[in-house]
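Listed below, chain by chain, are the residues.
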Amino acid sequence: MDQSQSVRTDISFPSDRVVLRGWLFTPSGQRPAAGWPTVVAAEGFAGVKEVALETMGEAFARAGLATVAFDYPYFGESEGQPRQLIDPEAQVRAYRASIAFAATHPELDANRIGAWGASFAGGHVLRLASTPSGLKAAVAVVPHMNAHLTSRLGPGLRHPLALLQRRYPVVSRDNTGPAVMQDEHGYRFLVEDVARRALRWQNWIDVRSLPKVARYRPLAKGTAPTIPIRYVVAEGDHITPPAAVRELAARTLAPNDLIELPGTHFDIYGPHAEQMVSASIDWLRNQL
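Below you will find a few notes about this structure. (Residues numbered from 1 in each chain as written. Predicted model: local features only at pLDDT ≥ 70, side-chain atom pairs only at ≥ 80, totals over all residues. Heavy atoms only, no water.)

1. Topic: the sheet that holds strand β1 (residues 6–15)
To be explicit about the condition: For two strands to be treated as a pair, DSSP must find no fewer than two bridges joining them. Helix and strand assignments follow DSSP, with helices taken as H or I runs no shorter than four residues and strands as E runs no shorter than two, numbered in order from the N terminus. Simply put, an axis is a line fit to the C-alpha atoms, just over the touching stretch for a helix, and the angle between two N-to-C directions goes from 0 to 180 degrees. Whether two residues are in contact is decided by their heavy atoms, any of which lying within 4.5 Å being enough.
Overall, mixed pairing links the 8 strands, which are arranged β1-β2-β4-β3-β5-β6-β11-β12 in an open sheet. Looking at which strands have only one partner, the edges of the open sheet turn out to be β1 and β12 (256–261). This sheet shows a mean twist of 20° between the axes of neighbouring strands, independent of strand direction. Strands β1, β2 (18–27), β3 (36–42), β4 (66–70) and β5 (108–118) of the sheet are contacted by helix α1 (residues 53–62), whose axis makes an angle of about 40° with β2. Packed onto the sheet, helix α2 (residues 88–104) meets β1, β2, β3, β4 and β5 and runs at close to 120° relative to β1.

Written as structure tokens, this is what we have:
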């Protein structure tokens with residue numbers, strides 16, 4: 001299939017008494033009798049669906065997989081106040097709501113639902129894969145693991161301008177300004193690329209997000225995914241370091257493997273995007 005053979009429709013569904021909005025991508029070929037195997041997907045830290053989910057949805061559709069792509073509550077086109085509030089537990093519940101939506105959609109196969117997530121969303125996928133969720137398989141790309149992101153909040157929060165306003169920056173080029181990520185690669189990707197093409201993306205979060213993020217642990221101690229899962233990590237990742245993912249993969253009893261790509265955290269959307277997408281498709285197509 002080529003890109004012209006995927007169909008994108010606008011969708012909405014409830015979660016926590018707010019309406020989430022997103023896209024449903026479906027292949028345009030003959031639908032299987034039971035419906036399309038489906039991937040539910042959301043974006044990473046402070047992300048909106050326009051960052052990369054159109055690319056992922058079209059790629060999955062070319063491979064015969066439908067995609068439910070959505071914005072978290074408080075972000076993008078989804079409802080919720082205050083805006084730009086990261087509530088990790090609400091985001092996990094939004095993923096569960098997307099699974100429920102897929103399971104009841106007449107074009108989708110309720111028995112073949114998988115999940116995809118990168119970075120902070122990768123952490124959510126780990127949570128879903130290790131608890132009852134209705135998922136059959138998952139892919140976690142450079143996933144957030146426990147306190148790695150929290151540990152990065154320290155330098156930004158110690159900045160003299162930190163916490164003075166409600167809008168706290170997501171990324172800065174270096175340590176001259178407060179931000180969750182003080183990272184040159186992240187700044188180039190998010191500010192110099194994403195912000196120019198995904199107009200709903202904003203380089204700030206509500207400052208009330210910070211304690212919620214600091215408390216968030218995707219996995220309870222000693223737990224691991226119980227469904228087939230592929231881990232994808234970046235060898236030079238300093239934001240979600242791969243060592244913890246390697247350890248998790250080593251103690252995951254469910255069918256799993258680990259793909260290591262060169263580069264840094266944000267290279268999964270840049271020079272190594274094709275490899276990441278291919279690894280995601282191959283696993284989900286074979287498992288669903």
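Read on, since the account is not over.
2. A look at the environment of Asp183
Rule in force here: Polar contact is defined as a pair of N or O atoms within 3.5 Å, subject to the rule that within protein one atom must be able to donate a hydrogen and the other to accept it, and that residues adjacent in sequence are counted only when both atoms are side-chain atoms.
By the secondary structure assignment, Asp183 is in the loop between β9 (181–182) and α5 (184–197). Note: C-alpha distance between Asp183 and Ala121 (62 residues apart in sequence) is 19 Å. A polar contact is formed between the side chain of Asp183 and the backbone nitrogen of His185, at a distance of 3.2 Å.

3. Side note on the packing of α1 against helix α8 (residues 273–287)
Our working rule: Reported orientations rely on four angle classes, namely roughly parallel under 35 degrees, roughly antiparallel over 145, roughly perpendicular from 65 to 115, and oblique for the rest. Should the near helix be turned anticlockwise from the far one by less than a right angle, the crossing is left-handed, and should it be turned clockwise, the crossing is right-handed. Residues are sorted three ways: Asp, Glu, Lys and Arg are charged, Ala, Val, Leu, Ile, Met, Phe, Trp, Tyr, Cys and Pro are nonpolar, and all the rest, Gly among them, are polar.
Interhelical geometry of α1 versus α8 gives an angle of 45° and a closest axis separation of 10 Å. Taken together, the axes of α1 and α8 lie oblique to each other. In this structure, α1 meets α8 at a crossing whose hand is right-handed. Touching Met56, Ala59 and Phe60 of α1 are Met276, Val277, Ser280, Ile281 and Leu284, all from α8. Taken together, the residues that form the contact of α1 with α8 break down as 7 nonpolar, 1 polar and no charged.

4. Looking at the packing of aromatic side chains
Let me state the cut-off plainly: Two rings from Phe, Tyr or Trp (for Trp, the six-membered ring) form a pair when their centres are within 6.5 Å of each other. A pair whose planes differ by under 30 degrees is stacked, one over 60 is edge-to-face, and the rest are tilted. Here the term buried applies to any residue with accessible area under 20% of the maximum for its type, exposed to any over 50%, and partly exposed to those in between, with areas from a 1.4 Å probe on protein chains only. Remark: a charge is flagged as sitting over a ring if the NZ atom of Lys or the CZ atom of Arg is within 6 Å of the ring centre and within 35 degrees of the ring normal.
Considering all chains together, one arrives at 9 aromatic pairs under this definition. Centre to centre, the rings of Phe13 and Phe70 are 6.0 Å apart; their planes meet at 70°, and the pair counts as edge-to-face. Residue Phe13 is located in strand β1, and its partner Phe70 is located in strand β4; the two are separated by 57 residues in the primary sequence. Assessed through its relative accessible area of 1%, Phe70 is described here as buried. A network of ring pairs unites the aromatic residues Phe13, Phe70, Tyr72, Tyr95 and Phe101 as a single cluster. One cation-aromatic arrangement involves Arg8 over Trp23; the distance from NZ or CZ to the ring centre is 4.2 Å.

5. A few points about α1
α1 sits mainly inside the fold: 7 of its 10 residues count as buried. When we look at burial in α1, the residues that qualify are Leu53, Met56, Gly57, Glu58, Ala59, Phe60 and Ala61. Packed against the buried residues of α1 are β1, β2, β3, β4, β5 and α8.

6. Here we look at the pattern of salt bridges
To keep things clear, this is the line we draw: Definition used for salt bridges: Asp or Glu carboxyl oxygen within 4 Å of a side-chain nitrogen of Lys or Arg.
Under the criterion given, the structure shown has 19 salt bridges. We note a salt bridge from Arg8 to Glu54, for which the minimum N-O separation is 3.1 Å. In this pair, Arg8 sits in strand β1 while Glu54 sits in helix α1, placing the two residues 46 residues apart along the sequence. On the basis of relative accessibility, which here comes to 40%, the residue Arg8 falls in the partly exposed class.

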